[in-house]
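Structural characterization, general
Below, each chain spelled out in residue letters.
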Amino acid sequence: MKVYDEAGQLLTSAPDLAKGWLEHTQRLVQSHPAQVEQSHVEVMPDTNGLRHLVIDQPARCAWDEYEAAQVYHPYTPEEQAEHDKPDLEERVAVAESALLELMLRGVADV
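Reference entry: report on the structure contained in this document. Note that this is a predicted model, so its numbers are computed, not measured. (Residues numbered from 1 in each chain as written. Predicted model: local features only at pLDDT ≥ 70, side-chain atom pairs only at ≥ 80, totals over all residues. Heavy atoms only, no water.)

In this section: the packing of aromatic side chains. Using the criterion set out here, one finds zero aromatic pairs in the structure. The aromatic ring of Tyr4 is capped on one face by Arg27, whose charged end is 3.8 Å from the ring centroid. (Phe/Tyr/Trp six-rings, centres within 6.5 Å; stacked < 30°, edge-to-face > 60°. Lys NZ or Arg CZ within 6 Å of the ring centre and 35° of its normal.)

What follows is the structure, encoded as structure tokens:
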């Protein structure tokens with residue numbers, strides 16, 4: 001799947017997901033115009049001039065062709081600060097190691 005920046009430029013290297021996020025979207029590849037039916041009349045053999053309509057190209061509505069893509073959005077400074085905050089598990093681990101260190105110091109003092 002192709003990845004584009006916010007300006008619509010194709011990214012040649014993998015984006016840094018620690019500094020931004022990816023949006024799943026669709027990009028317009030090509031618009032196809034409507035087509036008018038093209039036909040002609042033919043005389044049927046051995047029918048005394050009876051004619052029938054032959055459709056060479058059927059009518060077709062206009063349609064758009066899309067591709068699945070991703071758009072890379074870099075974090076704003078506020079989002080980056082929020083993203084860099086330690087989560088609950090990291091905070092518990094820091095508190096746990098601080099408690100262990102205090103306990104070990106207390107045991108060493110005895």
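Relative to the helices and strands, His73 resides in strand 5 (residues 63–74). In this structure the side chain of His73 is engaged in a polar contact, spanning 2.7 Å, whose partner is the side chain of Glu23. Residue contacts for His73: discarding those within four places in its chain leaves Glu6, Gly20, Trp21 and Glu23. (Helix = DSSP H or I, 4+ residues; strand = E, 2+ residues; numbered from the N terminus. Polar contact = N/O pair within 3.5 Å; in protein donor to acceptor, adjacent residues only side chain to side chain. Contact = heavy atoms within 4.5 Å.)

Taken in spatial order, the three strands line up as 1-5-2 in an open sheet, and their pairing is mixed. Edge positions in the sheet fall to strand 1 (2–4) and strand 2 (20–32), since each has one partner strand and no second. Strand after strand, the sheet turns through a mean of 40° between neighbouring axes, direction not considered. Relative to strand 5, strand 2 is paired through twelve bridges, and the arrangement is antiparallel. Paired with Leu28 across the bridge in strand 5 is Tyr66. (Pairing = 2+ DSSP bridges. Axes fitted to C-alpha atoms, helices over the stretch in contact; angles between N-to-C directions.)

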